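Residue-level listing of the chains:
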Amino acid sequence: LLGTAIGREAEASQRFLRVLRLSHTVAVAVAILLYLTRPGFVLAAEVRIFGSMAERYLGFVPRMNGYFNSMVLGAVCYTGLGLVLGARDRGRGTIALVALFALGALLTLQRGAWVLVVLTLLGWGAVAAFRLLVLRQGRLRPLWTVAFVALSALTISYAWRYAQTQPWFDIVTGE
């Protein structure tokens, strides 16, 4: 992707991004399907992975695919979400894909995936708001720009203060 972007091959870059979006979508959809249907080979894998603790996980497991795999799936969810929201050729299925990636991240029960999905949504929402409020006016209007920057700064500072009140904050930041 970097090579095609440096070479200014826009069509090749877009084709590669479409393949990435499709692979992320298929991976998350299959993971959710396996999570909800729980076929025999998934149950056998859980018994093999969890060993003597398997009884705790044979019912409704509130964490998709075990601890490590749920971290990987969370990473697929928020990167796929960023690919979908940042695509130039977004279609009518964008909302369905956003919902799919958000559901996949929710089912992983990984706080990091949740935080990064929300940050991805906020980041692309800020870009969309900037485009809507500032760039579509024909020229950059100072009042809209100041309002956008002020709202963004308030949102980020509130999110930072809220995160500092959470018990996991010290663990994540090492403070």
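Residues numbered from 1 in each chain as written. Predicted model: local features only at pLDDT ≥ 70, side-chain atom pairs only at ≥ 80, totals over all residues. Heavy atoms only, no water.

Student: Explain the packing of helix α2 (residues 10-37) against helix α6 (residues 94-108) to me, using residue names and the numbers behind them.
Tutor: A pair of packed helices is captured by two measures, namely the crossing angle of their axes and the spacing between those axes. α6 packs onto α2 with a crossing angle of 50° between their chain directions and a minimal axis gap of 10 Å. In terms of axis orientation, α2 runs oblique to α6. For the crossing formed where α2 meets α6, the hand is left-handed. Together, His24, Thr25, Val28, Ala29, Ile32 and Tyr35 of α2 and Leu97, Leu100, Phe101, Leu103, Gly104 and Leu107 of α6 make up the contact between the two elements. (Axes fitted to C-alpha atoms, helices over the stretch in contact; angles between N-to-C directions. Helix = DSSP H or I, 4+ residues; strand = E, 2+ residues; numbered from the N terminus. Parallel < 35°, antiparallel > 145°, perpendicular 65-115°, else oblique. Left-handed = near helix turned anticlockwise from the far one by under 90°. Contact = heavy atoms within 4.5 Å.)

Student: Quick one: what's the story with α2, residue by residue and with numbers?
Tutor: A rise of 1.5 Å per residue sets the reference length of α2, with its 28 residues, at 40 Å; its end C-alpha atoms lie 40 Å apart and thus fit the reference within 8%. When α2 is considered as a whole, its buried residues turn out to be Ala12, Ser13, Gln14, Leu17, Arg21, His24, Thr25, Val28, Ala31, Ile32 and Tyr35. Downstream of α2 by one or two residues, arginine 38 has phi in the positive range, about 45°. (Expected span 1.5 Å × (residues − 1). Buried < 20%, exposed > 50% of the residue type's maximum accessible area, 1.4 Å probe, protein only.)

Student: Help me get a handle on a nonpolar patch on the surface, residues and values and all.
Tutor: A cluster of nonpolar side chains, contributed by Val115, Leu116, Val118, Leu119 and Leu122, occupies part of the molecular surface with about 400 Å² of accessible area. As for its position among the elements, leucine 116 is in helix α7 (residues 111-133). Given the relative accessible area of 34%, leucine 116 is considered partly exposed. (Patch = residues over 30% accessible without salt bridge, like charges linked within 9 Å, V, L, I, M, F, W, Y side chains within 5 Å. Areas by Shrake-Rupley, 256 points an atom, 1.4 Å probe, with all protein chains shown as cover. Salt bridge = Lys/Arg side-chain N within 4 Å of Asp/Glu carboxyl O.)

Student: Hey, could you go over the packing of aromatic side chains for me, with residue numbers and the actual values?
Tutor: Per the stated rule, a full pass over the model turns up one aromatic pair. Summarising the aromatic geometry, the rings of tyrosine 158 and tyrosine 162 are spaced 6.5 Å apart at their centres and angled 20° between planes, so their arrangement reads as stacked. Taken together, the residues tyrosine 158 and tyrosine 162, both in helix α8 (residues 142-164) and four residues apart, mark about one turn of the helix. Among the residues examined, tyrosine 158 registers a relative accessible area of 60% and is labelled exposed. (Phe/Tyr/Trp six-rings, centres within 6.5 Å; stacked < 30°, edge-to-face > 60°.)

Student: Residues and numbers for the nonpolar core, please.
Tutor: The tendency in soluble globular proteins is for nonpolar side chains to be buried as a group. Judged by nonpolar contacts, the single largest core of 16 residues is most densely connected at Val28 and Leu81. At the level of secondary structure, the elements contributing two or more residues to this core comprise α2, α5 (67-85), α6 and α7. Apart from the residues within four sequence positions on either side, valine 28 is in contact with Leu73, Val76, Cys77, Leu100, Phe101 and Gly104. (Core = buried A, V, L, I, M, F, W, Y, C linked by side-chain atoms within 4.5 Å.)

Student: Summarise the environment of phenylalanine 130; cite the residues concerned and give the values.
Tutor: When you line up the elements, phenylalanine 130 lands in helix α7. The exposure class assigned to phenylalanine 130 is partly exposed, which follows from its relative accessible area of 26%. As a C-alpha pair, phenylalanine 130 and phenylalanine 148 span 18 residues in sequence and 6.9 Å in three-dimensional space.

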